[in-house]
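# Per-entry structural report
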Amino acid sequence: MSAAIRIALRDLRGGLRGFRIFLACLTLGVAAIAAVGSVRQAVQIGLEEEGALILGGDAEMTFVYRMATEAEAAWMNRVALAVSETVDFRSMAVAEVGGETVRGLTQLRGVDGRYPLYGEVGLDPAMTIEEALATTDLPGAVMHRTLIAQMGLQMGDTVNFGLQSFELRAALTDEPDMAGGNFGPGPRTLVRLDALDGSGLLAPGTLFDSQYRLALPEGTDLAALETEARALFADTGLRWKDARNAAPALGRFVDRIGAFLVLVGLAGLAVGGVGISAAVRSYLTGKTETIATLKTLGADRRTIFTVYFLQIGAMTVLGLALGLVLGAVLPLGLAPLIAGSLPIPATFELHPGPLAEAAVYGALAALIFTLWPLARIEQVRAAALYREAAGLSRHWPRWPFLLVIAGLAGLLVSLAAWLSGIPRLALWSAAAILSALVILALAASLLRLLARNLARRAHGRPALRLALGAIGAPGSEATSTILSLGLGLSVLAAVGQIDTNLRAAIQQDLPQVAPAFFFVDLQPNQIEPFLTAMETDPDVTRVDSAPMLRGVITRINDRPAAEVAGNHWVIRGDRGLTYRADAPPAREITEGAWWPEDYDGPPQMAFAAEEALEMGIGLGDTMTVNVLGRDITATIVALREVDFSNAGIGFVMTLSPNALAGAPHTHIATVYADQQAEARILREVAGIGPNITAISVRDAIDQVARALSGIAAATSWGAAATLLTGFMVLIGAAAAGERARAYEAAIMKTLGASRTGILTSFALRSAMMGAAAGVVAVAAGGLAGWAVTHFVMESDFAFHLPSAIAITLGGAMATLLAGLVFAWRPLAVRPARILRSEG
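Here the structure is a predicted model, which is why all the values come from computation and not from measurement.

Broken down by element type, the protein chain carries 26 helices and 21 strands. Across the 839 residues in the protein chain, those meeting the buried criterion constitute 51%. By sequence separation, contacts in the protein chain at least 24 residues apart represent 80% of the contacts at least 6 residues apart. When the accessible surface of the protein chain is summed, it comes to about 37,900 Å², and 60% of that surface belongs to carbon and sulfur atoms.

Listed below in structure tokens is the structure:
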């Protein structure tokens, strides 16, 4: 071992010239994973450290459709130092501006005198929340800037919510507990809770949440307190949050996006692995004479393997160090920019966890991609000193090396599945990357075979024939080029196809089948006048309505719901439910049978078929739903197909009418109409009842599209990092082939070829390999885009030709540029010098 170490150190004195691309690929891959992981960790720590501020209290108890009972209020006052009560619901803001009535959807929040328990409300002009909401001639209100601008309001204007008028006092610039999930489909408005008493907006059955924030004594055991609260109020529909997990939905979203981007980073590392392997192969090829000399002097294959394993190991450590430094410094340097774009606090500092994860991924990738060329150095013979052909073998390594490589790949995939938190996505991603590499390798072999056949037929076109011959020759750059560039382009192509199809479904297809408005909070005495008005309106093409309540699923088969359904979205929070006597069309019922119209037995339920399958429940199972503090246990007697894709009315749960007899409730309705009639319909509905809230589906679609833009941008940046790594590999392949091109140029010059003809040959070669990589990437990306769109998003897929053309041309141009950059020097070398050295 000591001899191997001495030889390795002596051989490294020549510098890092052979390892530049190796270091660049490893550094970029590790840096990308470390940076994404560090940002995700910063957000997670920010959520943990600022949990009470984000939530607006140390703990929060939420009830649906009702205020806390006396028993619940008494318990909260006993355990807490202070309790703040708020209500949250959607409403329409109505005002007279310039002689015209303007309306805007808002998430209205009534707050008490203790709000906020933690933090400060930001207002413009600056004032306290008490001053802004105080009652003088009218009670005060503060609105988000967006809503003020949308409605064209000025400070001092009168704004109506239901039957109550308010004076606009200030613009809401900062709501301290906004990140805790206290937001809805419209911009925020704050008013005093007691000022809503005469508004008619909190009538029985109205959709609202009541929230109670608790300021607790220091050192309170939050877990024990939650257990106590759930035990006392298990059957009242209580929802609990505390500072340990103040924004669970946001935290899950950050985790998923971060994990997804880490997986994209692993794809980049796979691309870099191709470059690492090519760089090691090129380096070892240059060391053929040294290896042969060592064998001539008696060195065994283990010693030789150890020499170069130590050298490459040292370069791997250097690459990992550079990548970790870059991955740690980038988030710190960009912290102000990143923090400014996040709705939640983030603690940017050195986070060892993500750095260690990136280091493990990088080390495993480096091992996997270097062992293959390393394992073949034992096949170098001493005859390589005398014959060029006796250099580095192209045969497969021996089976022990193959087993080790397979084991390391399995370990890398297993770690990705475990550390990402989304093992299914990680495993599918690994399978996709492996499949893409296999497809690209097969495409490279096919291209080389096709190029050899076409070269024989390209008579009279010497530049084309030389280019095709070079592509089809043994040891050509085709495999490295298509693997490296193709994988990066495949990720980009898949992202482009998915994003394009999703946007088309949201912005083009969905508005054609979606309603113009959702109307909620229609009181029972308002539904008939509403339906009459809409059905007689010539511009309304369709109107649907249904009674609506909301409830929390607490038990399934008399067991806690979470024990049966896990963390399924249906049991997280409250869900809409309805009742219906008549059966829907037979095609909607997939299993079971509907109850008779005059049914008066024990409560029965129809459940959404797809969600039932996901939750592992079916016919005969019982489900307990807490509605307005009352438990209703119903037996599932039918499974029905519920279509949520057209933005119409769809309920996961439908109960027999007798199950909800006497429960106060409202109605929900959807109205389908042309866009030009929407303003008039709003005015017409406002005349039926000022409490009725209209939600514009078009506005909601725009919000979703904006959110998707951010996600697509983040994913595209990840794909761009992968592509950058691929471009580095491409440069490495072009640089490694510079000596071969110099020899080709010398031969062609000797035979009378012009510089222009030689350069044209090199350019054609590069462009064809790049175009081939682009075409394969478009096919692979299109297939991946179809799979995600069809199976995950359950939407129609349409191939987007412009992005495919752009990616194909981009691949050709990238390879062409790299090839031309490394073609000038071979063209400038004199033939005699090259031929003399080769002779």
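Here the narrative resumes, following the displayed structure.
This part is about the packing of aromatic side chains. Scanning the model with the defined rule gives six aromatic pairs in all. Summarising the aromatic geometry, the rings of Trp-594 and Trp-595 are spaced 4.4 Å apart at their centres and angled 35° between planes, so their arrangement reads as tilted. With relative accessibility at 13%, the residue Trp-594 sits in the buried group. Under the relative-accessibility criterion, Trp-595 is labelled buried at 4%.

Mapped onto the elements of the fold, Ile-731 is located in helix 21 (residues 697–736). Given the relative accessible area of 23%, Ile-731 is considered partly exposed. Separated by 91 residues in the primary sequence, Ile-731 and Phe-822 place their C-alpha atoms 8.4 Å from one another. Each residue touching Ile-731, except ones within four places of it in the same chain, is listed here: Ile-21 and Phe-822.

To continue, consider the environment of Leu-408. Residue placement: Leu-408 occurs in helix 13 (residues 399–420). Along the chain, Leu-408 and Leu-364 lie 44 residues apart, while their C-alpha atoms are 6.6 Å from each other. For Leu-408, the residues in contact, after removing those within four places along its chain, are Leu-364, Leu-367, Ile-368 and Leu-371.

Once that is clear, we can look at the side chain of His-665. In this fold, His-665 is placed in the loop between strand 19 (653–655) and strand 20 (666–673). Take His-665: its relative accessible area is 13%, and that puts it in the buried class. Polar side-chain contacts of His-665 include one of 3.1 Å to the side chain of Tyr-579. Among the polar contacts listed, one links the side chain of His-665 to the backbone oxygen of Ala-663, at a separation of 2.9 Å.

Attention now moves to the pairing of strand 17 (residues 622–627). The buried count for strand 17 comes to five of six residues, which makes it a mostly enclosed element. Where strand 12 (residues 540–556) and strand 17 come together, four bridges link them in antiparallel fashion. Counted as the bridge partner of Val-552 is Asn-626 from strand 17. Two elements, strand 17 and strand 18 (residues 630–640), share six bridges in a ladder whose sense is antiparallel. In the strand pairing of strand 18, Asn-626 is matched with Asp-631.

Inspection of every chain in the model, using the stated rule, returns 18 salt bridges. Notably, a salt bridge pairs Glu-72 with Arg-66, separated by 3.0 Å at the nearest N-O pair. Arg-66 matches Glu-72 in its accessibility class, with the two residues each being buried. Arg-680 is the partner of Asp-537 in a salt bridge, and the nearest nitrogen-oxygen pair spans 2.9 Å. Placement of the pair is Asp-537 in the loop between helix 17 (524–535) and strand 12 and Arg-680 in helix 20 (residues 678–688), with a sequence separation of 143 residues.

With that settled, consider the packing of helix 17 against helix 20. Taken N-terminus to C-terminus, the directions of helix 17 and helix 20 make an angle of 155°; their axes are 10 Å apart at the nearest point. The angle between helix 17 and helix 20 places the two elements in the roughly antiparallel class. The handedness of the crossing between helix 17 and helix 20 comes out as right-handed. Counting all contacts with helix 17, which are made through Gln-526, Pro-529, Phe-530, Ala-533 and Met-534, the residues of helix 20 involved are Ile-681, Glu-684, Val-685 and Ile-688. Looking at side-chain class alone, the contact of helix 17 with helix 20 contains seven nonpolar, one polar and one charged residues.

Among all positions of helix 20, only Glu-678, Ile-681, Leu-682 and Val-685 are buried. The arc that holds the buried residues of helix 20, viewed along the axis, is 105°, so those residues lie on one side.

We now examine the packing of helix 4 (residues 70–79) against helix 7 (residues 222–232). Two elements in contact, helix 4 and helix 7, have axes separated by 12 Å at closest approach and are oriented at 165°. Classified by the angle their axes make, helix 4 and helix 7 are roughly antiparallel. As for the relative orientation of helix 4 and helix 7, their crossing is right-handed in sense. Contacts between helix 4 and helix 7 involve Trp-75, Arg-78 and Val-79 from the first element and Leu-225, Glu-228, Ala-229 and Leu-232 from the second. Grouping the constituent residues of the contact of helix 4 with helix 7 by class yields five nonpolar, no polar and two charged.

This next bit is on unusual backbone geometry. Peptide bonds are trans in most cases, and residues, glycine excluded, mostly fall at negative phi. Look at the link from Tyr-115 to Pro-116: it is a cis peptide, with omega at -5°. The amide bond that connects Asp-124 to the next residue, Pro-125, takes the cis arrangement and shows omega of 5°. Examined against the element boundaries, Pro-125 turns out to sit in the loop between strand 4 (122–124) and helix 5 (129–133). Despite not being glycine, Asp-521 has its phi angle at roughly 65°, a positive value. Topologically, Asp-521 is positioned in strand 11 (residues 517–522). Positioned with a positive phi, Asp-558 is a non-glycine residue whose angle comes to about 60°. Its place among the elements puts Asp-558 in the loop between strand 12 and strand 13 (559–560). Taking the relative accessible area as the measure of exposure, Asp-558 reaches 59% and is therefore exposed.

Once that is clear, we can look at a negative patch on the surface. On the surface, a cluster of negative charge is made up of Glu-610, Glu-614, Glu-641 and Asp-643. Note on placement: Glu-614 falls in helix 19 (residues 609–615).

Let us now look at helix 12 (residues 352–375). Helix length check: helix 12 (24 residues) gives 33 Å between terminal C-alpha atoms against 34 Å at 1.5 Å per residue, within 8%. In terms of burial, helix 12 is a largely internal element, 17 of the 24 residues being buried.

So, about the nonpolar core. One finds Phe-519, Phe-530, Phe-607, Met-623 and Met-653 to be the most contacted residues of the largest nonpolar core, which totals 62 residues. With seven residues, strand 12 is the single largest residue contributor to this core. The residues contacting Phe-607, other than those within four sequence positions of it, are Val-570, Ala-612, Met-615, Ile-617, Met-623, Ile-636, Ala-638, Leu-639, Arg-640, Val-652 and Met-653. Formed by 44 residues, the second largest nonpolar core is a distinct cluster that contains Val-30, Ala-279, Leu-355 and Leu-412.

Glancing now at a nonpolar patch on the surface. A contiguous nonpolar patch, built from Leu-326, Leu-330, Leu-334 and Leu-337 and spanning about 360 Å² of accessible area, is present on the exposed surface. If you trace the backbone, Leu-326 turns up in helix 10 (residues 301–333).

Our next topic: the confidence of the model for the protein chain. Averaged over the protein chain, the pLDDT score is 80; the fraction of residues at 70 or greater is 82%. Ignoring residues within four places in sequence, the model shows residues 385–392, a span with pLDDT below 50, making 19 contacts including any to other chains.

Tracing the chain through its elements places Gln-497 in helix 16 (residues 478–513). Among the polar contacts listed, one links the side chain of Gln-497 to the backbone nitrogen of His-800, at a separation of 2.9 Å. Beyond its immediate sequence surroundings of up to four residues, Gln-497 is in contact with Gly-781, Gly-782, Gly-785, Phe-797, Ala-798, Phe-799, His-800 and Ser-803.

A few words on the environment of Arg-741. Relative to the helices and strands, Arg-741 is located in helix 22 (residues 738–750). Expressed as a C-alpha distance, the spacing of Arg-741 and Trp-824, which sit 83 residues apart in the sequence, is 10.0 Å.

What counts, and where the lines are drawn
- All residue numbers refer to positions counted from 1 along the written sequence of the respective chain.
- Only residues with pLDDT of at least 70 get local features here, since the model is predicted, and only at 80 or more are side-chain atom pairs given and counted; chain-wide, interface and lining totals rely on the full set of residues.
- Calculated side-chain values reflect all of the structure's heavy atoms, with hydrogen atoms and water omitted.
- Labels follow the DSSP assignment, with helices taken as runs of H or I lasting at least four residues and strands as runs of E lasting at least two, numbered in each case from the N terminus.
- Relative accessibility thresholds used throughout: buried, under 20% of the residue-type maximum; exposed, over 50%; partly exposed, between the two (1.4 Å probe, protein chains only).
- Throughout, a residue-residue contact means that at least one pair of heavy atoms, one from each residue, lies within 4.5 Å.
- Where accessible areas are quoted, they stem from the Shrake-Rupley method and a 1.4 Å probe; at the residue level, only the protein chains shown are allowed to cover.
- Here the aromatic set is Phe, Tyr and Trp, taking the six-membered ring for Trp, and pairing holds for ring centres within 6.5 Å; pairs whose planes are under 30 degrees apart are stacked, those over 60 apart are edge-to-face, and all others are tilted.
- Any N or O atom pair separated by 3.5 Å or less is treated as a polar contact, with the protein-specific requirement of one donor-capable and one acceptor-capable atom, and with residues adjacent in sequence counted only for side-chain atom pairs.
- Two strands qualify as a pair provided that DSSP identifies no fewer than 2 bridges between them.
- One speaks of a salt bridge when a side-chain nitrogen belonging to Lys or Arg is within 4 Å of a carboxyl oxygen belonging to Asp or Glu.
- All axes are obtained by fitting lines to C-alpha atoms, using only the stretch in contact for helices, and the reported angles, taken between N-to-C directions, cover 0 to 180 degrees.
- Each angle receives one of four descriptions, namely roughly parallel if under 35 degrees, roughly antiparallel if over 145, roughly perpendicular if within 65 to 115, and oblique otherwise.
- Definitions for this section: a left-handed crossing has its near helix turned counterclockwise from the far helix by less than a right angle. A right-handed crossing has that turn clockwise.
- Residues are grouped as follows: Ala, Val, Leu, Ile, Met, Phe, Trp, Tyr, Cys and Pro are nonpolar; Asp, Glu, Lys and Arg are charged; every other residue, Gly included, is polar.
- As used here, the arc is the angular range of directions from the helix axis to the C-beta atoms.
- By definition, no residue in a patch forms a salt bridge, and every one has over 30% relative accessible area; like charges are joined within 9 Å, nonpolar side chains (Val, Leu, Ile, Met, Phe, Trp, Tyr) within 5 Å.
- Residues scored as charged are limited to Lys and Arg (positive) and Asp and Glu (negative), so that His and the chain ends carry no count.
- A charged residue contributes its charge at one atom only: NZ of Lys, CZ of Arg, CG of Asp or CD of Glu.
- For a helix, the expected span equals 1.5 Å multiplied by the number of residues minus one.
- To form a nonpolar core, buried Ala, Val, Leu, Ile, Met, Phe, Trp, Tyr and Cys residues must be joined to one another through side-chain atoms within 4.5 Å.
- You can read pLDDT as the predictor saying how much it trusts each residue, on a scale of 0 to 100.

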